[in-house]
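What follows is each chain in one-letter form.
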Amino acid sequence: MSTPKMARIGSPGRPAAFALAALLIVGAFAVNAFAPFVVVGIYTYFCVTLMMVLGLQMFMGNSGILNWTYIGFVGIGAYAASILSTAPALKSMGVPNMYPALVALQIPVVPALLIGGVVAAVIAAILAWPLMRLSDAVGVITLFAMLIVFHVIMTQWDNVTNGPRTFFGVQAFTTIWMATGAAVITLLGAYFFRESSLGLRLRASRDDRHAAKAMGINVVGVRYLTFVLSSFVAGVAGGLWAHYITSFSPKSFYVGEMFVLLTMLVIGGAGSISGATLGALLVTVMREGLRQLEGYLNNSGVINFEVYGLTELTMAVLLVTILIVRPAGIVGGQEFRFPRIGGKRKPAEAADSDES
Amino acid sequence: MLTVKDLYASYGAINALHGISLEVNEGELVALLGTNGAGKSTTLKSICGVLRPQGGSVEFLGEDLIGKKPEAILKKGISLVPEGREIFTSLSVAENLRIGAFSCYERDRYRYDLEEMFALFPILEERLQQPGGLLSGGEQQMLAIARALMSHPKLLMLDEPSLGLSPTMVDQIFDLIATLRDRGTTILLVEQNAERALRVADRAYVLKTGSMEFSGTPAELESELDIASVYFGGTKDGSGEVTV
């Protein structure tokens, strides 16, 4: 053994994460300055959706467990933040049966968003206690069942959600800057989480649960903590979403919307932040493009029948194709790395000469 | 250092160990030999807490380990390199090593340790950012050993480190085991490859269907006991022919 040196480990994914964060900010400025009003809206919506996908990635991408209930936590955040931030007069009009105590409440939007996240996290903390002890397949089925339970509660609890009817009157608070800021923070947060010791333990447990246990990793514990954290992100993102869209109903927090988030995550690559971001971007662009195309086809009379569901169909085909051709997603299981400029790095060269 | 006394273990109704005893002293390399199903891996699992034995005692540095959780035993300084390696295939080599260091993590020491691992296993430095699953079998075995060493084990237990490796890789692994022994690492080695294991071991135990058949130095083992009888259940006559 020669004199002790300090090994340089490095973080190969870090440049990509920071580059993506910078791109988001530059994109926001560019869109805000040059693009038409509609595009500013799409970009804002994209950033909120990206925040949701990244929150989903934190748990699902690192643990390998398909979290169907995720969109339910988005819904909890949306309702909680909206109820807290909307003026009493508007609430008593929009939700006639709401509990008087809830009607009277009104706090500023930013704390309302955070409390929305906390409410989602607390509910997650209670439910995950038994859930994270289930084995993988059973756990996924239970999570799906939970989504149905959440949906039934949201559509039936008249006094809180206005039942299946639309909850309206929410302030249009979420600007492009708010949404971009939240997306950037979540992106960096999700990246550092992935590289953190908690994230690493979780990824190890995804690879091999028993080996992870043998290495002294508390598999249930790391899954539990991450599930709660991921639900907090879902809750805040839900609040932001509600304050952008301003009126919504429980159907926005069900299988259809969950499928969109899952498609985004799986197409790009659930295992990495760069994959989640790329997937969210691709699917958003595709959805908007197809929606335009669908509108054009139906209005221009180029074809003599109504086109319907083009977006869903294309997304489903894309998802299946990706799962067959590239199951780990476009980016793959590892974080995207920029190719090195200036050839190989030193240790590789040293090892090459060793082998000869 | 490690004293196992009268250990009984079973998988359901099947008794795997019928009261075995063994001892590992500090700085020793002890080989535990025997055929498939003799109870070698069961012994290791019982020591590191993955399997709860039915009876007997496992004492490490004066402390009773029976009933302790695997992570607690790992913290006490016993590290197992499991059979079939069990590295984390989607994590990079660097991340695998970081997990190994979790039980005693200190940032600066971690980096020194890493440098030490690179000296022992140059290939790991070259592959540092590659996923563990892309490594060859031998490289994965090295990674598994390096990962175990990152936790500064007082006792390193290797379960069939040569299993499924090419002959040159087997040589490398045994050279490495010898190097670790010379560095003063206490090792309990389980091997099918009895001949190779005996060449590096200070002492050896031979298990046969859950009972201790023999214990002694490799030289004693070779004079007193037919390796062939251990592995094939037969005896070797003067000409070297094995009759079952």
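Everything that follows concerns the structure shown earlier in this document.
Report on the accompanying structure.

Cut-off values and rules
- Residues numbered from 1 in each chain as written.
- Chains lettered and ligands numbered in written order.
- Predicted model: local features only at pLDDT ≥ 70, side-chain atom pairs only at ≥ 80, totals over all residues.
- Heavy atoms only, no water.
- Phe/Tyr/Trp six-rings, centres within 6.5 Å; stacked < 30°, edge-to-face > 60°.
- Helix = DSSP H or I, 4+ residues; strand = E, 2+ residues; numbered from the N terminus.
- Buried < 20%, exposed > 50% of the residue type's maximum accessible area, 1.4 Å probe, protein only.
- Pairing = 2+ DSSP bridges.
- Expected span 1.5 Å × (residues − 1).
- Polar contact = N/O pair within 3.5 Å; in protein donor to acceptor, adjacent residues only side chain to side chain.

To continue, consider the packing of aromatic side chains. All names here are of chain A. A full pass over the atoms with the stated rule returns 18 aromatic pairs over all chains. Arranged with centres 6.4 Å apart and planes meeting at 75 degrees, the rings of Tyr99 and Trp157 form a pair that is edge-to-face. In this pair, Tyr99 sits in the loop between helix H4 (88-94) and helix H5 (100-104) while Trp157 sits in the loop between helix H7 (136-156) and helix H8 (158-161), placing the two residues 58 residues apart along the sequence. By relative accessible area, which is 40% here, Trp157 ends up partly exposed. An aromatic cluster of at least three residues, connected via ring pairs, comprises Tyr79, Phe167, Trp241, Phe248 and Phe253.

Here we take up the pairing of strand S3 (residues 29-33) of chain B. Residue and element names in this part refer to chain B. Within S3, five of the five residues are buried, which leaves the element mostly enclosed by the surrounding structure. Burial along S3 is two-sided: the face carrying Leu29, Ala31 and Leu33 and the face carrying Val30 and Leu32 are both buried. Pairing of S3 with strand S9 (residues 203-208) involves four bridges; the strand directions are parallel. Residue Leu33 lies in a different strand from S9, and its bridge partner there is Val206.

This part covers helix H14 (residues 273-300) of chain A. Residues and elements named next belong to chain A. The terminal C-alpha atoms of H14, which comprises 28 residues, lie 40 Å apart, in line with the 40 Å expected from a rise of 1.5 Å per residue. At the N-terminal end of H14, a side-chain oxygen is found 3.0 Å from the backbone nitrogen of Gly275, two or three residues along, and the residue is Ser272. Positive phi appears at Gly301, one or two residues downstream of H14, with a value of about 75 degrees.

By themselves, these figures tell us nothing about what the structure is for.
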